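Results of the structural survey
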Amino acid sequence: MKDLAALEALTETETVLVTDTGFAPVDGGDVLDVPSDADAEALTEALQTNATIRIDFPSFADGRGFTLARRLRQMGFTGHLRAKGHVLADQYAMARRSGFDDVEIDRALATRQPEDQWLARANWRDHDHRSRLRVA
């Protein structure tokens, strides 16, 4: 998906899914929407679901969703975690390291930050400070 026409043809919804391999259409399925300020312990029952847990990011400056995702993984959630909303390409590696499987963004953001900007951060395992420290 290197151009706007390809992005427009991707999906008829208003959102686009960002994965380690690029943009993809948003899949349907069972989704449990959770606000970024939710209490992880209150979601214990949700950890048993087969639904995708989608955590809202109301602002790119609001990092509570990263903390919530990490906490859910620490509590044993092995299902699908999706960030949705105002997540920037620069934050993609952080989202993946926090436990998210993918990120759902709106078309406007996908147009401003095209697929190649997200793909530049898709090798998130090799580009974190811990891997650089291990080499030293």
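Note that the structure is predicted; figures quoted are calculated from it, not measured.

1. A few points about helix H2 (residues 64-74)
Every buried residue belonging to H2 is among Gly65, Phe66, Leu68, Ala69 and Leu72, and all of these are buried. Projected down its long axis, H2 carries its buried residues within an arc of 165°, all on one side. Opposite its buried face, H2 presents the exposed residues Thr67 and Gln74, each directed more than 90 degrees away. A positive phi of about 105° marks Gly76, the residue just after H2.

2. Some thoughts on the packing of aromatic side chains
Evaluated as defined, the whole model comprises 3 aromatic pairs. Through a chain of ring-to-ring contacts, the aromatic side chains of Phe57, Phe66 and Phe100 assemble into a single cluster.

3. Re the pattern of salt bridges
Summed over the entire model, instances satisfying the criterion amount to 10 salt bridges. In this structure, Asp27 engages Arg82 in a salt bridge whose closest nitrogen and oxygen atoms are separated by 2.9 Å. Of the two residues, Asp27 is situated in the loop between strand S2 (22-24) and strand S3 (31-34) and Arg82 in strand S5 (residues 81-85); the sequence distance between them amounts to 55 residues. Using a relative accessible area of 42% as the deciding quantity, one classes Asp27 as partly exposed. Overall, Arg82 belongs to the buried group, its relative accessible area being 1%.

Reading guide: rules and limits
Residues numbered from 1 in each chain as written. Predicted model: local features only at pLDDT ≥ 70, side-chain atom pairs only at ≥ 80, totals over all residues. Heavy atoms only, no water. Buried < 20%, exposed > 50% of the residue type's maximum accessible area, 1.4 Å probe, protein only. Helix = DSSP H or I, 4+ residues; strand = E, 2+ residues; numbered from the N terminus. Arc of directions from axis to C-beta. Phe/Tyr/Trp six-rings, centres within 6.5 Å; stacked < 30°, edge-to-face > 60°. Salt bridge = Lys/Arg side-chain N within 4 Å of Asp/Glu carboxyl O.

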